[in-house]
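Structure at a glance
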Amino acid sequence: MVWTQAAEIINLLRKQLGLEEEFFTVEKVWQKEVGIDGIEITGYKNGVIFTKTQSSVASCELTLRKKEIMKKINQYIGSSKIKDIKIKTG
């Protein structure tokens, strides 16, 4: 029997779920810089941040600030990996 280290399993699961290190950076920057109430990050994959809002007002504000938010997050990451923010209201 071959044993696999826990860190290897966690890294594999993170990649399969799209939760690479960038996701955690995105979430931290989002909490610090964005400051829009009622918006939750539901996922991150291939440069796209998926969000869910509880109101059309929050959705509208996010739509208006989308480019600014992507720029801030990309500055923190140090590259232009964030390409889009998808918004789901409900």
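Data block above holds the structure.
Let us look at the structure shown here. (Residues numbered from 1 in each chain as written. Predicted model: local features only at pLDDT ≥ 70, side-chain atom pairs only at ≥ 80, totals over all residues. Heavy atoms only, no water.)

A look at the pairing of strand 3 (residues 84-89)
Applicable threshold: When DSSP finds two or more bridges between two strands, those strands count as paired. Each helix is a run of H or I in the DSSP string that is no shorter than four residues. Each strand is a run of E no shorter than two, and both are numbered from the N terminus. When the strands point away from the viewer, a crossover counts as right-handed if the path from the first strand over the helix to the second runs clockwise.
Pairing of strand 2 (residues 48-53) with strand 3 involves 6 bridges; the strand directions are parallel. In the sheet register, T51 faces strand 3, and the bridge partner there is I87. Handedness of the crossover joining strand 2 and strand 3 through helix 3 (residues 56-77) is recorded here as right-handed.

Describing the side chain of T53
Keep this limit in mind: N or O atoms closer than or at 3.5 Å make up a polar contact, with two conditions inside protein: a donor-capable atom paired with an acceptor-capable one, and, for residues adjacent in sequence, both atoms drawn from side chains. The criterion used for residue contact is that any of the two residues' heavy atoms lie within 4.5 Å.
The residue T53 is located in strand 2 in this model. For T53, the side chain forms a polar contact with the side chain of T89, separated by 3.3 Å. Among residues more than four places away in sequence, those in contact with T53 are G38, I39, A58, S59, I87, K88, T89 and G90.

A closer look at the side chain of N74
In this fold, N74 is placed in helix 3. Within the local environment of N74, its side chain forms a polar contact with the backbone nitrogen of K81, the two atoms lying 3.2 Å apart. Ignoring any residue separated from it by four or fewer positions in sequence, one finds N74 in contact with S79, S80, K81 and I82.

Examining the sheet that holds strand 1 (residues 39-45)
Defined as follows: Convention adopted: a line fitted to C-alpha atoms gives each axis, helices being fitted over their contacting stretch, and angles between N-to-C directions are expressed from 0 to 180 degrees.
Taken together, 3 strands build an open sheet; the order of strands is 1-2-3 and the sheet is mixed. If you trace the sheet from one side to the other, it starts and ends with strand 1 and strand 3, each paired once. Across the sheet, the mean angle separating the axes of adjacent strands is 25° when strand polarity is ignored. Of the strands in this sheet, strand 1, strand 2 and strand 3 are in contact with helix 3, which crosses strand 3 at around 165°.

Quick word on the environment of S59
With respect to the helices, strands and loops of the structure, S59 is situated in helix 3. Once the C-alpha coordinates of S59 and T89 are considered, the two residues, 30 residues apart in sequence, prove to be 6.6 Å apart. Setting aside chain neighbours within four positions, we find S59 in contact with T53, I87 and T89.

Considerations on the nonpolar core
Going by this rule: Definition of nonpolar core: a set of buried residues of the types Ala, Val, Leu, Ile, Met, Phe, Trp, Tyr and Cys, connected through side-chain atoms within 4.5 Å. Residue burial is assigned from relative accessible area. The probe radius is 1.4 Å, only protein chains are included, and a residue is buried under 20% of its type maximum, exposed over 50%, and partly exposed in between.
Grouped together as the largest cluster of nonpolar side chains are 16 residues, with contacts concentrated most on W30, I49, I69 and I73. The element best represented in this core is helix 3, accounting for 5 residues. Ignoring sequence-local partners within four residues, the contact set of I69 consists of W30, V34, I36, L62 and I85.

Some points on the pairing of strand 2
Look at any regular strand and the pattern is simple: side chains alternate between the two faces of the sheet. Pairing of strand 1 with strand 2 involves 6 bridges; the strand directions are antiparallel. Within the sheet, the bridge partner assigned to K45 lies in strand 2 and is V48. Linking two consecutive strands that pair antiparallel, namely strand 1 and strand 2, is a turn of 2 residues; a positive phi of about 50° is found at N46 within it.

Points about helix 3
We count it as follows: Bend is the name given here to the angle between axes fitted to two runs of seven residues, the run ending at a residue and the run starting at it.
R65 marks where helix 3 bends most, by close to 60°. Three or more residues of helix 3 are buried, namely A58, S59, L62, R65, I69, M70, I73 and N74. Among the residues trailing helix 3, G78 stands out with phi positive, at a value near 95°.

Function cannot be inferred from these measures alone, as they are strictly geometric.
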